[in-house]
Amino acid sequence: MRILITGSQGQVGWELVRALAPLGEIIAVDHAHLDLADCAALRRTVAEAGPAVVVNAAAYTAVDRAEAEEGLATQINGAAPGVLAAEASRCGAAFIHYSTDYVFDGTKATPYTEADPVAPINAYGRSKLAGERAVAAVGGSYLILRTSWVYAARGHNFPRTILRLAAERDRLTIVDDQIGAPTWARWIAAATAAILAASRGDPAGYLGERCGIYHLACGGATSWYGFARALLAGAGGEGRLAELAPIPTRAYPTPAARPANSRLDCTRLGATFHVCLPPWETGVRLCFADDSSLPATALRKGVHPDS
Ligand SMILES: NC(=O)c1ccc[n+]([C@@H]2O[C@H](COP(=O)([O-])OP(=O)(O)OC[C@H]3O[C@@H](n4cnc5c(N)ncnc54)[C@H](OP(=O)(O)O)[C@@H]3O)[C@@H](O)[C@H]2O)c1
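Residues numbered from 1 in each chain as written. Predicted model: local features only at pLDDT ≥ 70, side-chain atom pairs only at ≥ 80, totals over all residues.

1. Quick notes on the overall build of the protein
The criterion, for reference: To qualify as a helix, a DSSP run of H or I must reach at least 4 residues; to qualify as a strand, a run of E must reach at least 2; elements of each kind are numbered from the N terminus. Based on C-alpha atoms, the radius of gyration is set beside the globule rule, defined as 2.2 Å times the residue count to the power 0.38. Field definition: a residue is buried when 20 or more other C-beta atoms are found within 10 Å of its C-beta, exposed when 12 or fewer are, and partly exposed for counts in between, with C-beta atoms placed from the backbone. Any two residues are considered in contact once their C-beta atoms, placed from the backbone, lie within 7 Å.
Along the backbone of the protein there are 11 helices and 12 strands. Computed over the C-alpha atoms, the radius of gyration of the protein is 19 Å, within 12% of the 19 Å expected from 2.2 N^0.38 for a compact globule of 307 residues. Here the protein, with 307 residues, has 51% of them falling under the buried criterion. Summarising the internal contacts of the protein: among those between residues at least 6 apart in sequence, 80% fall at separations of at least 24.

This is the structure we're talking about:
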């Protein structure tokens, strides 16, 4: 089976290239080779690849910057997935896409299910919702996996920022009233691989019978403050690094509003595909254990991560 992966240098895309390799021939394209804003290039790339499945891990993910660039974010997150899905469908290929907890407003008291009404409160969330709708409008064999708080040993993410700042500063204040499940990019890729493996080489047929939106996030939940505490504990003990202090969202204004509740109920994914991600703490621990590129490893050795 031939698998076209976009966004191959991103957190999830990088892991997909590795996790899906045992399933077939990988054609990986990154931003430098395919700009999602170029519709003709999208169609050409899919048609030339002739894949059995297109996995779209490329996205405009700069949540705060999107407030000032909503048009561009909507083009990449809203329009491009529809173009990719349509071309995949035309070629008889399945289409797998990733979306976000930020399609919700975060006012629900319990984890969000796929049946809950969407109501994004920032430009990024609106652009991702537009993408979900564009993909669903094409129909056919598609899967939209909504995930949350993605991190990896590489790329731009909360752990790498916190670990760098913790080495530079005496004290860090971290938001404690937004809750969600930090989700390791490697497990998003592993879950995608498990779903595709179950298709037995016929992703279009398999996903055609199960198409729709599924929530895919690690088990449990924490706040950004709780996440930071776990990271520093994994880095060798908070005492040697910055002191952490919890603050409310209102004390840390950002251009984009964030949902207070980002928790995703993943029951549907488990019931349909028998895939269930472990607790978020396990992901953090394993990510630390085997990724020497994480700044924490340098911190443990007493070396500044940027030195
Ligand atoms: N990160 C999160 O916390 C989070 C949470 C929920 C859902 N998600 C979703 O999960 C998926 C994967 O996210 P991620 O964390 O892996 O994101 P990421 O690390 O930011 O990777 C996104 C990739 O898309 C590429 N890209 C950006 N603009 C592009 C364009 N115009 N054309 C082609 N490629 C472009 C980026 O390349 P450059 O860096 O070169 O621009 C980057 O390699 C996305 O759909 C995202 O919306 C992410």
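Text resumes after the structure shown.
2. Some words on the site of the ligand
Note the following rule: In this entry, near means the residue's backbone-placed C-beta atom lies within 6 Å of the molecule or strand. In this classification, Asp, Glu, Lys and Arg are treated as charged, Ala, Val, Leu, Ile, Met, Phe, Trp, Tyr, Cys and Pro as nonpolar, and every other residue, Gly included, as polar.
Around the ligand, the structure places 27 residues, and the nearest of them are Gly10, Gln11, Leu36, Ala59 and Val150. When contributions to the shell around the ligand are tallied by element, the ones reaching two or more residues are helix 1 (11–19) and strand 4 (94–100). Ranked by the residues each element gives to the shell around the ligand, the list is headed by helix 1, at 3 residues. Partitioned by chemical class, the residues of the shell around the ligand number 13 nonpolar, 11 polar and 3 charged.

3. Overview of the pairing of strand 2 (residues 25–29)
The condition is simple: Here, strands pair whenever DSSP counts at least two bridges between them. Place the viewer so that the strands point away; then a crossover is right-handed whenever the path from the first strand over the helix to the second strand goes clockwise.
In this sheet, strand 2 lies alongside strand 1 (residues 2–6) in parallel orientation, the contact comprising 5 bridges. Considered in strand 2, the bridge of isoleucine 3 is made with isoleucine 26. For the crossover that starts at strand 1, traverses helix 1 and ends in the parallel strand 2, the hand is right-handed.

4. Observations concerning the environment of isoleucine 5
Here isoleucine 5 shows up in strand 1. In this structure isoleucine 5 comes out as buried when scored by C-beta crowding, with 28 C-beta atoms within 10 Å. Remark: the alpha-carbon pair of isoleucine 5 and valine 53, spanning 48 residues in sequence, is separated by 8.6 Å. Discounting residues that sit within four places of it in the chain, isoleucine 5 has contacts with Gly13, Leu16, Val17, Leu20, Ile26, Ala28, Val55 and Ala57.

5. Focus: the environment of alanine 88
Following the sequence through the fold, alanine 88 ends up in helix 3 (residues 70–90). In this structure the C-alpha to C-alpha distance between alanine 88 and leucine 277, which are 189 residues apart in sequence, comes to 28 Å.

6. Remarks on the packing of helix 3 against helix 4 (residues 123–138)
Cut-off, in case you're wondering: Note on geometry: axes are lines fitted to C-alpha atoms, helical ones only across the stretch in contact, with angles between N-to-C directions running from 0 to 180 degrees. Angle categories are assigned with fixed cut-offs, so that under 35 degrees is roughly parallel, over 145 is roughly antiparallel, 65 to 115 is roughly perpendicular, and the rest are oblique. For any pair of crossing helices, the crossing counts as left-handed if the nearer helix is rotated counterclockwise from the farther one by less than a right angle, and right-handed if it is rotated clockwise.
Closest axis-to-axis distance for the helix 3/helix 4 pair is 8 Å, and the angle between their directions is 15°. One way to sum up the angle between helix 3 and helix 4 is to call them roughly parallel. Judged by the sense of rotation from one axis to the other, the crossing of helix 3 with helix 4 is right-handed. On the side of helix 3, the interface is formed by Glu70, Ala73, Thr74, Asn77, Gly78, Ala79, Pro81, Gly82, Ala85, Ala86 and Ser89, while helix 4 contributes Ala123, Tyr124, Ser127, Lys128, Ala130, Gly131, Ala134, Val135, Ala137 and Val138. Broken down by class, the residue content of the contact of helix 3 with helix 4 amounts to 12 nonpolar, 7 polar and 2 charged.

7. A short note on the nonpolar core
Note the following rule: By definition, a nonpolar core groups buried Ala, Val, Leu, Ile, Met, Phe, Trp, Tyr and Cys residues that are joined through C-beta atoms within 7 Å.
Counting residues in each nonpolar core, the largest one holds 98 residues, and the members touching the most others are Ile5, Leu16, Val53, Val54, Phe95 and Leu216. Among the elements that line this core, the one with the most residues is helix 6 (residues 185–198), at 8 residues. Look past the residues within four positions of phenylalanine 95 in its chain and what remains in contact with it is Val54, Leu84, Ala85, Ala88, Val135, Ser141 and Tyr142.

8. Concerning the environment of arginine 18
Mapped onto the fold, arginine 18 is located in helix 1. Along the chain, arginine 18 and alanine 190 lie 172 residues apart, while their C-alpha atoms are 9.3 Å from each other.

9. Topic: unusual backbone geometry
Most of the time, phi is negative for any residue but glycine, and the peptide bond is trans. Backbone geometry places tryptophan 149, a non-glycine residue, at a positive phi of 45°. With respect to the secondary-structure elements, tryptophan 149 resides in the loop between strand 5 (142–147) and strand 6 (150–151). Of note in the backbone geometry, histidine 274 takes a positive phi value of approximately 55° without being a glycine. Along the chain, histidine 274 turns up in the loop between helix 9 (267–273) and helix 10 (280–290). Take histidine 274: there are 10 C-beta atoms within 10 Å of it, and that puts it in the exposed class.

10. Focus on the packing of helix 2 (residues 39–49) against helix 3
Relative to each other, helix 2 and helix 3 sit at 30°, their axes nearing to 9 Å. Taken together, the axes of helix 2 and helix 3 lie roughly parallel to each other. Classified by chirality, the crossing of helix 3 by helix 2 is right-handed. The segment helix 2 lies against helix 3, with Cys39, Leu42, Arg43, Val46 and Ala47 engaging Ala80, Val83, Leu84, Glu87 and Ala88. Among the residues forming the contact of helix 2 with helix 3, the class breakdown is 8 nonpolar, no polar and 2 charged.

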